[in-house]
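The lines below spell out each chain.
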Amino acid sequence: LAQYRSFQDCAEAVQWHERNVLHHEYSYVVASRWDLQWLIPFPGLPLLQSTDPDSVWVPGTQGDFYANDRFAAVPRRHADAYFGVWQLIVSGRS
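As a starting point, this report considers the structure included with it. Keep in mind that what you see is a predicted model, and the values were worked out from it rather than measured.

1. Structural notes on the overall build of the protein chain
- What the protein chain contains, in helices and strands, is 4 helices and 2 strands.
- Of the regular secondary structure in the protein chain, the N- to C-terminal order runs α-β-α-β-α-α.
- Out of the 94 residues belonging to the protein chain, those deemed buried represent 22%.
- Long-range contacts, defined here as pairs at least 24 residues apart, represent 60% of the contacts in the protein chain between residues at least 6 apart.
- Approximately 6,700 Å² of the protein chain is accessible, and the part contributed by carbon and sulfur atoms is 58%.

Below is the structure:
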């Protein structure tokens, strides 16, 4: 639950920055754990977007039954759904 709350805090910080500083939305929101180690160079957002601009990109190395929480590249139009799970939990809609 603490991680979902942290994702919500991140989402709110992104929204605040878009509204008050940028005055537009990011095209992607990227979340990465501080202890993540890349074994190969990150392919870059242009490659991910050209492959499938609607996909949320997460590593597939964790397991078959749950999502890897170490990294996510999320198209902005899906960021509220990806990072807003906490709101679903506390509102009873999850």
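Picking up where we left off.
2. Some words on the nonpolar core
- Of all hydrophobic cores here, the largest spans 9 residues; its members are F7, A11, V14, V29, A31, A72, V74, A79 and F83.
- For this core, the elements supplying multiple residues, two or more each, are α1 (2-22), β1 (28-32), β2 (71-75) and α3 (76-83).
- At 3 residues, α1 tops the list of elements feeding residues into this core.
- When neighbours within four sequence positions are excluded, A72 is seen to be in contact with V29, V30, A31, W57, V58 and Y82.

3. Regarding the pattern of salt bridges
- Across all of its chains, the model carries 6 salt bridges by this definition.
- Of the charged contacts, one joins R5 and D9 as a salt bridge, the two residues approaching to 3.1 Å between their closest N and O atoms. With R5 and D9 both in helix α1 and 4 residues apart, the pair spans about one turn of that helix.
- Of the charged contacts, one joins E18 and R76 as a salt bridge, the two residues approaching to 2.8 Å between their closest N and O atoms. Taken together, the positions of E18 in helix α1 and R76 in helix α3 put the pair 58 residues apart, joining distant regions of the chain.
- R76 gets classed as buried once you look at its relative accessible area, which sits at 6%.
- Each of E18, E25, R76 and D80 takes part in a single network of salt bridges with overlapping partners.

4. What to know about the packing of aromatic side chains
- Summed over all chains, the structure comprises 6 aromatic pairs.
- An aromatic cluster of at least three residues, connected via ring pairs, comprises F7, Y82 and F83.

5. As for α1
- An ideal rise of 1.5 Å per residue puts 30 Å on 21 residues; α1 measures up with 28 Å between its terminal C-alpha atoms.
- Along α1, the residues that are buried comprise F7, Q8, A11, V14 and E18. Summarising the axial view, the buried residues of α1 lie within an arc of 120°, below the 170-degree limit, and thus occupy one face.
- Residues of α1 that are buried make contact with β1, α3 and α4 (85-91).
- Immediately beyond the C-terminal end of α1, within one or two residues, lies H23, with a positive phi of roughly 65°.

Analysis parameters
- For every chain, the first residue of the written sequence is number 1, and numbering continues from 1 onward in sequence order.
- Local features in this predicted model are restricted to residues of pLDDT 70 or higher, and side-chain atom pairs are both shown and tallied only at a pLDDT of 80 or more, whereas totals for entire chains, interfaces and linings draw on every residue.
- By convention in this description, side-chain values take in all heavy atoms of the structure and omit both hydrogens and water.
- To qualify as a helix, a DSSP run of H or I must reach at least 4 residues; to qualify as a strand, a run of E must reach at least 2; elements of each kind are numbered from the N terminus.
- Buried means the residue's accessible area, taken with a 1.4 Å probe over protein chains only, is under 20% of the maximum for its type, while exposed means over 50%, and partly exposed covers the values in between.
- Throughout, a residue-residue contact means that at least one pair of heavy atoms, one from each residue, lies within 4.5 Å.
- Only the protein chains shown count as cover for residues, with accessible areas throughout obtained via the Shrake-Rupley method and a probe of 1.4 Å.
- To define a nonpolar core, start from buried Ala, Val, Leu, Ile, Met, Phe, Trp, Tyr and Cys residues and group those joined through side-chain atoms within 4.5 Å.
- Here, a salt bridge means any Lys or Arg side-chain nitrogen found within 4 Å of an Asp or Glu carboxyl oxygen.
- Here the aromatic set is Phe, Tyr and Trp, taking the six-membered ring for Trp, and pairing holds for ring centres within 6.5 Å; pairs whose planes are under 30 degrees apart are stacked, those over 60 apart are edge-to-face, and all others are tilted.
- In this scheme, a helix's expected span is set at 1.5 Å multiplied by one less than its residue total.
- In this description, one arc is meant: the one made by directions from the helix axis to the C-beta atoms.

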